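# Descriptive structure summary
Letter by letter, the chains look like this.
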Amino acid sequence: MPTAVVTGASSGIGAATARALAHQGFHVFCVARRTDRIETLAAEIGGTAVTCDVTDETQVAALAEAVGPSLDLLLNNAGGALGVDPVSAADADDWRRMFEVNVIGTLLVTKALLPALVASGAGTLVNLGSTAGHITYEGGGGYTAAKHGVTAMTETLRLELNGQPVRVTEIAPGMVRTDEFSLNRFGGDEARADAIYAGVREPLVAEDVADAIVWVATRPHHVNVDLMVIKPLAQAAQHKVHRES
Ligand code: 8X3
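Residues numbered from 1 in each chain as written. Predicted model: local features only at pLDDT ≥ 70, side-chain atom pairs only at ≥ 80, totals over all residues. Heavy atoms only, no water.

Here we come to the site of the ligand. Around the ligand, the structure places Ser 130, Thr 131, Ala 132, Tyr 137, Tyr 143, Gly 174, Phe 181, Arg 185 and Gln 238. Between an oxygen atom of the ligand and a side-chain N or O atom of Ser 130, the distance comes to 2.6 Å. Starting from 250 Å² of accessible surface for the ligand in isolation, the protein chains cover 84%. For the shell around the ligand, the per-class residue count stands at 4 nonpolar, 4 polar and 1 charged. (Near = heavy atom within 4 Å. Polar contact = N/O pair within 3.5 Å; in protein donor to acceptor, adjacent residues only side chain to side chain. Areas by Shrake-Rupley, 256 points an atom, 1.4 Å probe, with all protein chains shown as cover. Nonpolar A, V, L, I, M, F, W, Y, C, P; charged D, E, K, R; others polar.)

Okay, structure coming up:
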């Protein structure tokens, strides 16, 4: 049975992808800080819950121990946005936290699990980037900088792993409506979080992104999808979103 590790599996895209991969026959290690959520998910899909803060090297080492010597798929999904302040008024702690989770977390988990991906003989590494890793927008300085970091790390890894049996993909979603992404960005302010999606008939949902990740992961192994940008039909570009009143 192929194995997969999904970080940030407690909600949103991570949880949806864990379910989709299990449906495809993967044994999924569901990784997140919130034990109750990942235990419920792991029980539902016949996977394994591993409580882990991806920014903590000791906990990431324990994750690698739990996974064992061989791994087929790693999805670095843990991440997120904090705040919408302009750079001139940015909260440095929010920026530190965004760099820690999105960039350093992805780095630590990748370093720890890369030997197992190589050992599988046909590993797949998927980093959850964002359109924010390819453009910038007002109020998004910290998040776009962090996601540009994820893009740079992903592209560097593909170069460095050339000749090794590990393919490297970035999935870059645009507007995805999940339970927590926007809420976390706005510090729990539901009205502001909801306003992001106001009038947008069909933002992407977590299952749309999960579907793309499964497609990437189930191509023949010599096929490396470098980058997949996915936006809802209503979002022609970052700033051009069709809204119905
Ligand atoms: C989420 C996309 O537009 O909020 O990664 O930056 S956006």
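Having seen the structure, we can now continue with the description.
What follows is about the packing of helix α3 (residues 57-67) against helix α4 (residues 92-119). With their axes 9 Å apart at the nearest point, α3 and α4 run at an angle of 35 degrees to one another. As α3 packs across α4, the resulting crossing turns out to be right-handed. Contacts between α3 and α4 involve Glu 57, Val 60, Leu 63, Ala 64 and Val 67 from the first element and Leu 108, Val 109, Ala 112 and Leu 113 from the second. Class assignment for the residues of the contact of α3 with α4 results in 8 nonpolar, no polar and 1 charged. (Axes fitted to C-alpha atoms, helices over the stretch in contact; angles between N-to-C directions. Helix = DSSP H or I, 4+ residues; strand = E, 2+ residues; numbered from the N terminus. Left-handed = near helix turned anticlockwise from the far one by under 90°. Contact = heavy atoms within 4.5 Å.)

Here we come to helix α2 (residues 35-45). Helical geometry note: an α-helix holds 3.6 residues per turn, so side chains three or four residues apart project in the same direction. Of the residues making up α2, those classed as buried are Ile 38, Leu 41, Ala 42 and Ile 45. Along the axis of α2, the buried positions cluster into a sector of 100 degrees, meaning they face one direction only. Counted as exposed and oriented over 90 degrees from the buried face of α2: Asp 36, Thr 40 and Ala 43. Gly 46 lies just past α2 and shows a positive phi near 70 degrees. (Buried < 20%, exposed > 50% of the residue type's maximum accessible area, 1.4 Å probe, protein only. Arc of directions from axis to C-beta.)

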